[in-house]
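Chains, contacts and geometry: an overview
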Amino acid sequence: MSLLITNSTVVTVDSAHRVIENGAVYVEEDRIVAVGDTQVLCEQYPAADTVVDGNGKVVLPGFVSAHNHLGYAVFRGRAEDIGHAPTHRLYLPMSGIISVEERQVIGALAVTELLRGGVTTILEMEEDAEIFASFIETSGMRAQIGVMVNDVNLEALARGETVFDPAVRDQQLEQANGLAERWHGRAGGRIQAVMAATGLSTSSPELLQGLRQSADARGLRLSSHLGFGERELVQRIHGMAQFDFARTHGMLGSDVVAVHCYEVDEAEMDVLAESGTHLAHCPHMNQFRGEVAPIQAMRAKGMQVGLGIDNYFSDYFEVLRSCLASARIQAHDPEILSAHEALALGTIEAARVLGLDEEIGSIEPGKKADLQMVNMRRLGLTPVNDPVTTLVYHGHAKDVDMVLIDGKVVVAEGVVQSADEEDLVSRAGLAADAAWTRFAERYGGYSVRPPN
Ligand SMILES: [Zn+2]
């Protein structure tokens, strides 16, 4: 199978940040073979199986989201206004209520939305993440998937006590290893496993060590929420500073994707940077919690930073804008970062965070054909002037026309090929309604009241 995109503006996000007007991209099987001028490529590859006219369109790398929780789309419209409380008031109680089938269809909806908006790779970590793996496989999405583990006794936690439970730990590690055993390397390597923890205050030293051992034995990356409001709790529970605890038990390093890191001081940033830990920066989610990670300071210290979506949201263009806006508000400087830098953080830099930058994240010969094409002849995108600046500040998921992953067309003319959109929206809506009805019956409302 070969495919030639012609007459397009190609935003390569290569090391020279080349933007090619009247550009073309030639794809054979799962790889990009050539990138350049339309006339030249048409002469070189006259026998392409499919030719796509990219006139009026911009081709750019697929977005890479270094942090996602697919099934948390169920919390849309219930979690955004309750600050840091969702974990205890929504997530934990809902986990005992929602069925596997309900979570699966909501996860399928989330994957479909992401593909629709040009997201081609995610790091998905969640309780029971394996339930999403088969839909991810058939959808064509590229993913690193991990069971997000903890080993606290939930009944004790509800009383406000942290008690680590070896039985929970064994069960969770078995689940995480089972996913890795069954899914790592599947779909021609498009699906990989990761070892993931919820955070440090819900992990015993033995749990983190278990994750580290599995990751080392299997050659996997690790990921955990870090620096997200746990500083005092970690000190109290573990008797150590948060990143000292993480480092001691294997949750810092050049194969670790730290998520959030908005609660970090200068010394903590030094510990992170010296360890080579990467950051999944989720500015769109975190701004609604009143938090901003100091990414400019962390990047200045040499940390690798890439963007992630986190929960509820699926329009990655919003993440790019939030990245710019939150950094500028934090610095009181309207010249911090640029649209080009934000786009790089959402593509090649996020790919680097996941250890996939040799394969994806830019449009270059030899790389996997993971790319998206945006129709610039949509309301809100004229005049284009600078294509990158206009896309980053004014683009939306709904403007994406075509998406390729591994050279396969997964979105054509704005339609996700792996799903019947109307049917999926209906089924996901019904599943969420059913789960929330049971939630309200059990807890007397749509969130668990905080104890007085
Ligand atoms: Zn998260």
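The rules behind the values
- Residues numbered from 1 in each chain as written.
- Predicted model: local features only at pLDDT ≥ 70, side-chain atom pairs only at ≥ 80, totals over all residues.
- Domains from an automatic or database assignment.
- Contact = placed C-beta atoms within 7 Å.
- Helix = DSSP H or I, 4+ residues; strand = E, 2+ residues; numbered from the N terminus.
- Axes fitted to C-alpha atoms, helices over the stretch in contact; angles between N-to-C directions.
- Parallel < 35°, antiparallel > 145°, perpendicular 65-115°, else oblique.
- Left-handed = near helix turned anticlockwise from the far one by under 90°.
- Nonpolar A, V, L, I, M, F, W, Y, C, P; charged D, E, K, R; others polar.
- Expected span 1.5 Å × (residues − 1).
- Buried ≥ 20, exposed ≤ 12 C-beta atoms within 10 Å, placed from the backbone.

**Considering the domain arrangement of the chain**
As far as domains go, the chain holds domain 1 (2-61 + 368-416) and domain 2 (64-353). Between the C-alpha centres of domain 1 and domain 2 there is a distance of 30 Å. Of the residues lining the interface, 20 residues belong to domain 1; the matching set on domain 2 comes to 26 residues. Those elements that provide at least two residues to the side of domain 1 that touches domain 2 are helix H16 (387-394), strand E15 (400-405) and strand E16 (408-412). A per-element tally of the side of domain 1 that touches domain 2 places H16 first, with 4 residues.

**Regarding the packing of helix H13 (residues 316-331) against helix H14 (residues 339-346)**
Running from amino to carboxyl end, H13 crosses H14 at an angle of 125°, the nearest separation of the two axes being 9 Å. Classified by the angle their axes make, H13 and H14 are oblique. Crossing angle aside, the handedness with which H13 passes H14 is right-handed. Packed against H13, whose contacting residues are Tyr316, Val319, Leu320, Cys323 and Leu324, the element H14 presents Ala342, Leu343, Leu345 and Gly346 at the interface. Considered class by class, the residues forming the contact of H13 with H14 number 8 nonpolar, 1 polar and no charged.

**Topic: the packing of H14 against H16**
Two packed helices can be described by the angle between their axes and the distance between those axes. Closest axis-to-axis distance for the H14/H16 pair is 9 Å, and the angle between their directions is 70°. With respect to their mutual orientation, H14 and H16 come out roughly perpendicular. For H14 against H16, the interelement crossing comes out left-handed. Together, Ala339, His340, Ala342 and Leu343 of H14 and Val388, Thr389, Val392 and Tyr393 of H16 make up the contact between the two elements.

**Focus: H13**
An α-helix turns once every 3.6 residues. As a result, residues three or four positions apart point the same way. The end-to-end C-alpha distance of H13, which contains 16 residues, comes to 23 Å, matching closely the 22 Å that a straight helix rising 1.5 Å per residue would cover. Buried within H13 are the following residues: Tyr316, Phe317, Val319, Leu320, Ser322, Cys323, Leu324, Ser326 and Ala327. Directly beyond the C-terminal end of H13, a positive phi value near 50° is found at His332.

**Remarks on the environment of Glu230**
Tracing the backbone through its elements, the reader meets Glu230 in the loop between strand E10 (221-226) and helix H8 (231-238). Separated by 28 residues in sequence, Glu230 and Thr202 have C-alpha atoms that sit 9.8 Å apart. Not counting the four nearest positions on each side in its chain, Glu230 is found in contact with Gly199, Leu200, Ser201 and Gln242.

**Topic: the environment of Glu422**
With respect to the helices and strands, Glu422 occurs in helix H17 (residues 421-443). Classification of Glu422 as exposed rests on a count of 8 C-beta atoms within 10 Å. Sequence spacing of Glu422 and Val105 is 317 residues, and the spatial spacing of their C-alpha atoms is 13 Å.

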